[in-house]
Amino acid sequence: MRNRVTLLFQWVMPTLLIVAGFMMPAAASAQTACTPTINACGCTIVSPGSYKLGLAINSTQGLTPAGACIEIASSFVILDGAKKNITGPGGTTPTGIGVWVHHPYRLDFLGFRGSVISGWDVGLLIQGRQIVADDASANSNGTAGVELNKASDVELTNTTAETNNNYGIWLKQTSSSDVTNSKTESNLNIGLYVGCSAIGPIGAGCTGVGPSPGNYIFTGNIQGNTNYGVALDIGAKTSIITNQTETAAGSNSKDDLYDANSSCGSNKWFGNFTGATNNQPGGCIK
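What this report covers is the structure whose coordinates are included nearby. (Residues numbered from 1 in each chain as written. Predicted model: local features only at pLDDT ≥ 70, side-chain atom pairs only at ≥ 80, totals over all residues. Heavy atoms only, no water.)

Let's shift gears to the side chain of aspartate 256. The residue aspartate 256 is located in the loop between strand S21 (240-245) and strand S22 (257-259) in this model. For the buried residue aspartate 256, which engages in no salt bridge, the nearest side chain bearing the opposite charge is lysine 254, 13 Å off. Among the polar contacts made by the side chain of aspartate 256, one reaches the main-chain amide nitrogen of glycine 250 at a distance of 2.8 Å. Side-chain polar atoms of aspartate 256 contact the backbone nitrogen of threonine 277, separated by 2.9 Å. In contact with aspartate 256, not counting residues within four places along its chain, are Ile222, Tyr228, Gly229, Val230, Glu246, Ala249, Gly250, Ser251, Ala276 and Thr277. (Helix = DSSP H or I, 4+ residues; strand = E, 2+ residues; numbered from the N terminus. Buried < 20%, exposed > 50% of the residue type's maximum accessible area, 1.4 Å probe, protein only. Lys, Arg positive; Asp, Glu negative; His and termini not counted. Salt bridge = Lys/Arg side-chain N within 4 Å of Asp/Glu carboxyl O. Polar contact = N/O pair within 3.5 Å; in protein donor to acceptor, adjacent residues only side chain to side chain. Contact = heavy atoms within 4.5 Å.)

Printed below as a string of structure tokens:
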């Protein structure tokens, strides 16, 4: 199956640098603009083009005014992680954001190539649209390893999110996005959560937070999370969840697979690990 955003990028990427040359830089107030080679935390990408991490970077080098290591405030950006790590302050309650893609920017490509983003409150925060983020390891963060927040048409591929204090991957008020080939293991709440609550499924909508419909969650390992492996809350509708696996059924202490919508609503669960525990036995989760 061809993912939706990938098809778009096959057309966009060959013309990216041409388009970038005609675009004006985004406004920057009291920000340090990132150079094409990024060797320290504390800068914001404000112009289209190609950027690359030249060194492993960390929070002791400084942060942006909003408390991030790297912010992206431009469309048509290519960021090459180049296998370099992005390390936050750590501790029992980590703070800050590792990499932050802002709304309303679009058509950015983040190719981390195995970079480890760790020790932040949120390792990778995406609020844009038509974003591709590939091959990040977002481990040992606070709220989430990766958070898609008010985002749309994101393709999150080959992501590892382990030992985070709350969620491995969190889709919050996010629609029409794909999460493929993920590994969300040993997180202290939920491996992959689609919903609005910081504590996990509440079986209701959250005040001021919209639903997360139309997401595709394909192929993931969900071993050993403290509560749920994959959990969909109320409002996570018209979603497809398939090929979620684990070493042994019941490795997540509550349910391996969970859907708070009655009879799964309009969601489709199929082809998942045989024997996975779920909250609708014999029903719609398969």
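Another aspect to go through is the pattern of salt bridges. With the rule as written, the count across this model stands at 2 salt bridges. Residues arginine 113 and aspartate 80 are paired through a salt bridge, measuring 3.0 Å at the closest nitrogen-oxygen approach. Of this pair, arginine 113 sits in the loop between strand S9 (109-111) and strand S10 (116-118) while aspartate 80 is found in strand S6 (residues 77-80), placing the two residues 33 residues apart along the sequence. Using a relative accessible area of 40% as the deciding quantity, one classes arginine 113 as partly exposed. Between glutamate 162 and lysine 183 there is a salt bridge whose closest N-O contact spans 3.6 Å. Separated by 21 residues along the polypeptide, glutamate 162 in the loop between strand S15 (155-157) and strand S16 (167-172) and lysine 183 in strand S17 (residues 178-183) bring together distant segments of the chain.

This part is about the state of the cysteines. Tallied over the full model, the rule gives 4 disulfides. Two residues, cysteine 34 and cysteine 43, share a disulfide whose sulfurs are 2.0 Å apart. Its torsion about the S-S bond being 90°, the disulfide of cysteine 34 and cysteine 43 is classed as right-handed. A single burial state applies to cysteine 34 and to cysteine 43, both of which are buried. With a sulfur-sulfur separation of 2.0 Å, cysteine 41 is cross-linked through a disulfide to cysteine 69. On the S-S bond that ties cysteine 41 to cysteine 69, the torsion sits near -90°, and the link is left-handed. Taken together, the positions of cysteine 41 in the loop between strand S1 (37-38) and strand S2 (43-45) and cysteine 69 in strand S5 (residues 68-72) put the pair 28 residues apart, joining distant regions of the chain. The class of cysteine 69 is buried, set by a relative accessible area of 0%. Across the protein chain, the disulfide pattern expressed with sequentially numbered bonded cysteines is 1-3, 2-4, 5-6, 7-8. (Disulfide = S-S within 2.5 Å.)

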